[in-house]
Amino acid sequence: MRGLVWLRRDLRVHDQPALTTACEECDEIIPLFVFDEPLLQSKEFGSACVNFMLGCLDELQASLAALGLPLQWRRGCQVDEVVRAALEWEVDAVYWNRDYEPRALLRDRAVQERLAREGIAAKTLKDHVVFEAEEVRGATGEPMQRYGAYRARWWAKWHAIKPTVRPVPDPSMTTRKAVRLSPSPLPTAKELGYEHLVPWITPGEGHAREQLRWFIEGPIHRYADGRNRPAIDGSSKLSPHLRFGTISPRVAVHAALESLSHKGPVSRTDVLTWIDELIWREFFHQVLAAFPHVVDRPFRQTAVPPSRDPGLERDVLFQAWCSGRTGYPIVDAGMRQLNQTGWMHNRVRMIVASFLIKDLRIDWQSGERYFMHHLLDADLAANNGNWQWCASTGTDSMPGYRIFNPALQSKKFDPDGVYIRRYVPELAYVAAKSIHEPHLMTPEEQIRAQCRIGTDYPSPVVDHQLAREEYLNLGKQEVTR
Ligand SMILES: Cc1cc2nc3c(=O)[nH]c(=O)nc-3n(C[C@H](O)[C@H](O)[C@H](O)COP(=O)(O)OP(=O)(O)OC[C@H]3O[C@@H](n4cnc5c(N)ncnc54)[C@H](O)[C@@H]3O)c2cc1C
């Protein structure tokens, strides 16, 4: 039997269900990746993400070559290309790991139907999450809408099943399964229509495993506090790896739990707090699978203040936010970190999102799209779920009346302004007491800090207190309508 393994967001050989199952069931195996031409053309994802993916593929190609399995790739409409490859190489079955995005579900159904018409089997496996939407349901089998309840059921399921991790297939077995097809060099970012960049987080399975090891050996045991401090390496930075599947979520959870038996200081509370974040990731995937309307609409229709009308004022404010020139240092540092590196600290993501939606009153979908285009970890489920949370329209949403005060947030989480100074060099010489609100510096202080407000660094584009009051008043009007 000959099998085609269609690789998508699972770019690794460890704990790789589609690859392992194909190895168990087939005498011959061909691994395939398809560059999705319409998606490339749409520019939904930016250069950072595309370069990261290419880096992961590069390493995957080498890992598969070590197993004797040359990676094949194609470029075009994924449905057409997979079916064409299956016919051309006369395979009996196509294996892939499931994806839960509405668009991916439609695509996979189309591939399945066309393969069935050709008499080719399609075998799909669970991979991207520990538990799929149907596996963690409420008491009457309904999809879950509250994280707390979902989390409790997720853990019950974990203890009942104890999901296992699959090893890398044995090369002495896989080399015998290779089909004589020559490998071809992967396309460059430029050939795909994107700018060449060196990703800020190293791509590939090897780095994902190293990064996990680094995190498990230290920072995880200080995570509950460390994750809120943008100036330090307090979180795992595994999000792009989980996004592209260079590490499996099962491996991550097992590694975290095993770290509790390490010698040296360990903290159960911190480890469980980190696993909570992985469960949030799964929660948002099940929300997307069960409530696909969230892609275009709020999860729930709540009375939230209307967004600012389209027009020049809105565009100027949005541009200031995108480029990190709002006059609010923590917001500007976050947006510049995103623009420069393709990653942003979680606490700062919440601050910039609240600022866009509640201070600037710009629709959350504009922020969501901007993040999607710039993030290395751009993921529909997590991005949409979090933006809806910040907009107070989501599942366990931030209460509508809660509006982050950017200055208070940065005083609390970046007290000396170390993070701010890293990304907003104009503020490098501003004293710690003024770094969170530099527009309050006297003219003499501005001279000493070599930073003239309004010239070297922008004045605040809105007054937070006034913007907050306006937002709350508009909110009251919505409720009484
Ligand atoms: C407005 C906004 C947009 C976001 N967009 C994305 C996105 O497109 N892709 C993405 O992966 N995360 C997104 N997040 C969630 C979170 O910010 C990142 O997952 C996290 O910062 C990644 O850093 P880390 O790997 O060091 O996380 P860690 O703190 O080490 O957490 C471990 C893993 O858990 C998952 N995770 C952590 N926090 C969350 C969360 N709040 N929601 C869902 N999963 C989470 C991630 O996979 C992460 O890698 C967004 C958050 C906000 C507020």
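With that settled, consider the sheet that holds strand E1 (residues 2-7). Reading across the sheet, the five strands line up as E3-E2-E1-E4-E5 and stay open at both edges, with parallel pairing between neighbours. In this open sheet, the two strands that pair with only one neighbour each are strand E3 (72-76) and strand E5 (121-125). Between one strand axis and the next, the sheet turns through 25 degrees on average, direction left out of account. Note: E1 against strand E4 (residues 93-97), three bridges, orientation parallel. Along E4, the bridge assignment pairs Leu4 with Val94. Where helix H3 (residues 47-66) meets the sheet, it contacts E1 and strand E2 (28-36), and its direction lies at approximately 170 degrees from that of E2. Strands E1, E4 and E5 of the sheet are contacted by helix H5 (residues 102-117), whose axis makes an angle of about 165 degrees with E4.

Taken together, 26 residues are adjacent to the ligand, and Tyr223, Ser235, Ser236, Lys237 and Asn346 come closest. Backbone polar atom of Leu238 to an oxygen atom of the ligand: 3.0 Å apart, as the coordinates give it. Burial of the ligand by the protein amounts to 97% of the accessible area it has alone, namely 810 Å². Among the secondary structure elements, those contributing two or more residues to the shell around the ligand are helix H10 (239-244), helix H12 (268-290), helix H15 (346-359) and helix H17 (380-390). Tallying contributions element by element places H12 first for the shell around the ligand, with five residues.

Here we come to the packing of helix H4 (residues 78-88) against H5. At a minimum axis separation of 9 Å, H4 and H5 run at an interaxial angle of 30 degrees. Relative to H5, the element H4 is oriented roughly parallel. In this structure, H4 crosses over H5, and the sense of that crossing is right-handed. Counting all contacts with H4, which are made through Gln78, Val79, Asp80, Val82, Val83 and Ala86, the residues of H5 involved are Arg107, Ala110, Val111, Arg114 and Leu115.

Right, let's talk about the side chain of Gln78 for a bit. With respect to the helices and strands, Gln78 occurs in helix H4. If we skip the residues at most four places from it in the chain, Gln78 touches Trp6, Val34, Asp36 and Arg107.

Moving on to the domain arrangement of the protein. Examined at the domain level, the protein breaks down into domain 1 (2-127), domain 2 (129-164 + 205-290) and domain 3 (312-473). Relative to domain 2, the C-alpha centre of domain 1 lies at a distance of 26 Å. Summed over both partners, the interface of domain 1 with domain 2 buries about 2000 Å², with 51% contributed by carbon and sulfur atoms. Connecting domain 1 to domain 2 are four salt bridges. In terms of residue class, the side of domain 1 that touches domain 2 is built from ten nonpolar, two polar and nine charged.

Bringing the packing of aromatic side chains into the picture now. Centre distance and the angle of the planes are the two values used to describe a pair of aromatic rings. Counted by the stated rule, this structure contains 26 aromatic pairs. Seen in terms of ring centroids, Trp214 and Phe215 are 6.0 Å apart; in terms of plane orientation they differ by 45 degrees. Their pairing is tilted. Relative accessible area serves as the criterion here: at 32%, Trp214 is assigned to the partly exposed category. For the ring pair Trp321 and Trp387, a centre distance of 6.2 Å and an interplane angle of 70 degrees mean the geometry is edge-to-face. Note that Trp321 is positioned in helix H13 (residues 312-323) and Trp387 in helix H17, a separation of 66 residues in sequence. In this structure, Trp321 and Trp387 share a single accessibility class: buried.

Counting 121 residues, the largest nonpolar core has Trp154, Trp274 and Trp321 as its most contacted members. At ten residues, the largest contribution of residues to this core is made by H3. Contacts of Trp321, omitting those with residues within four sequence positions, involve Thr326, Val331, Met335, Val352, Phe355, Leu356, Leu360, Gly367, Tyr370, Phe371 and Trp387. Residues Ile30, Val82, Val83 and Val94 belong to the second largest nonpolar core, which totals 18 residues.

Enumeration over the complete set of coordinates arrives at 32 salt bridges. Of the charged contacts in the structure, one is a salt bridge between Arg74 and Glu88, with a shortest N-O distance of 3.0 Å. Highlighted residues: Arg74 in strand E3 and Glu88 in helix H4, separated in sequence by 14 residues. Linking Arg325 and Glu426 is a salt bridge whose minimum nitrogen-to-oxygen distance equals 3.9 Å. Remark: Glu426 occurs in the loop between helix H19 (418-423) and helix H20 (443-448) and Arg325 occurs in the loop between H13 and helix H14 (329-341); sequence separation between them is 101 residues.

Another aspect to go through is the packing of helix H6 (residues 147-161) against H12. Where H6 meets H12, the closest approach of the two axes is 10 Å, and the angle between their N-to-C directions is 105 degrees. Our classification of the angle between H6 and H12 gives roughly perpendicular. Between H6, through Tyr147, Tyr150, Arg151, Trp154 and Trp155, and H12, the contact on the second element is made entirely by Leu272, Ile275, Asp276, Ile279, Trp280, Glu282, Phe283 and Gln286. In terms of residue class, the contact of H6 with H12 is built from nine nonpolar, one polar and three charged.

Bringing the environment of Val418 into the picture now. With respect to the helices and strands, the residue Val418 is situated in helix H19. You can call Val418 partly exposed: its relative accessible area is 43%. On a C-alpha basis, the gap between Val418 and Pro230 in space is 8.7 Å, while along the polypeptide they are 188 residues apart.

Rules behind the numbers
Residues numbered from 1 in each chain as written. Predicted model: local features only at pLDDT ≥ 70, side-chain atom pairs only at ≥ 80, totals over all residues. Heavy atoms only, no water. Pairing = 2+ DSSP bridges. Helix = DSSP H or I, 4+ residues; strand = E, 2+ residues; numbered from the N terminus. Axes fitted to C-alpha atoms, helices over the stretch in contact; angles between N-to-C directions. Contact = heavy atoms within 4.5 Å. Near = heavy atom within 4 Å. Polar contact = N/O pair within 3.5 Å; in protein donor to acceptor, adjacent residues only side chain to side chain. Areas by Shrake-Rupley, 256 points an atom, 1.4 Å probe, with all protein chains shown as cover. Parallel < 35°, antiparallel > 145°, perpendicular 65-115°, else oblique. Left-handed = near helix turned anticlockwise from the far one by under 90°. Domains from an automatic or database assignment. Buried area = accessible area lost by both parts, 1.4 Å probe. Salt bridge = Lys/Arg side-chain N within 4 Å of Asp/Glu carboxyl O. Nonpolar A, V, L, I, M, F, W, Y, C, P; charged D, E, K, R; others polar. Phe/Tyr/Trp six-rings, centres within 6.5 Å; stacked < 30°, edge-to-face > 60°. Buried < 20%, exposed > 50% of the residue type's maximum accessible area, 1.4 Å probe, protein only. Core = buried A, V, L, I, M, F, W, Y, C linked by side-chain atoms within 4.5 Å.

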